[in-house]
Amino acid sequence: MDNSLTPVAIVTGFLLIYVVAVAVNINTAIILMMFSLSPILMIWMVIRVLKAAFESTHTFDEKWYEDQ
């Protein structure tokens, strides 16, 4: 897996575990802890993805929002 996709996979897995935990109604303290950690994980993921070394082969004028 690409290094920049690892945080996305981790946070997506965390989200799925959180949703299942709420659906099966496990201990409220665990659900609240996971809810408290989710913004931290989301910020970590955004920073890692934005700082990923990605070189585009197109300029902004060539592919503005990829709608051409």
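These numbers come from a predicted model, not from an experiment. (Residues numbered from 1 in each chain as written. Predicted model: local features only at pLDDT ≥ 70, side-chain atom pairs only at ≥ 80, totals over all residues. Heavy atoms only, no water.)

## Examining the overall build of the chain
Each helix and strand counted, the chain has two helices and zero strands in total. Taken against the 2.2 N^0.38 rule, which gives 11 Å for 68 residues, the C-alpha radius of gyration of the chain at 17 Å runs more than 25% over that of a compact globule. Within the span of the chain, comprising 68 residues, buried residues form 10% of the whole. By element, 69% of the accessible surface of the chain is carried by carbon and sulfur atoms, the whole surface being about 5800 Å². (Helix = DSSP H or I, 4+ residues; strand = E, 2+ residues; numbered from the N terminus. Rg over C-alpha atoms; globule rule 2.2 N^0.38 Å. Buried < 20%, exposed > 50% of the residue type's maximum accessible area, 1.4 Å probe, protein only. Areas by Shrake-Rupley, 256 points an atom, 1.4 Å probe, with all protein chains shown as cover.)

## Observations concerning the environment of Asn27
Among the structural elements, Asn27 can be located in the loop between α1 (6-23) and α2 (28-50). Looking at Asn27, the relative accessible area reads 49%, which means it is partly exposed. Residues Asn27 and Ile43, 16 residues apart in the sequence, show an inter-C-alpha distance of 26 Å.

## Focus: α2
Over its 23 residues, α2 runs 34 Å from end to end, which matches the ideal 33 Å to within 8%, given 1.5 Å per residue. Along its length, α2 reaches its greatest deviation from straightness, about 30°, at Ser38, and the proline Pro39 lies no more than four positions downstream. Among the residues making up α2, those that are buried are Ile31, Met34 and Met45. Contacts made by the buried residues of α2 are with α1. (Expected span 1.5 Å × (residues − 1). Bend = angle between axes of the 7 residues up to and from the residue. Contact = heavy atoms within 4.5 Å.)

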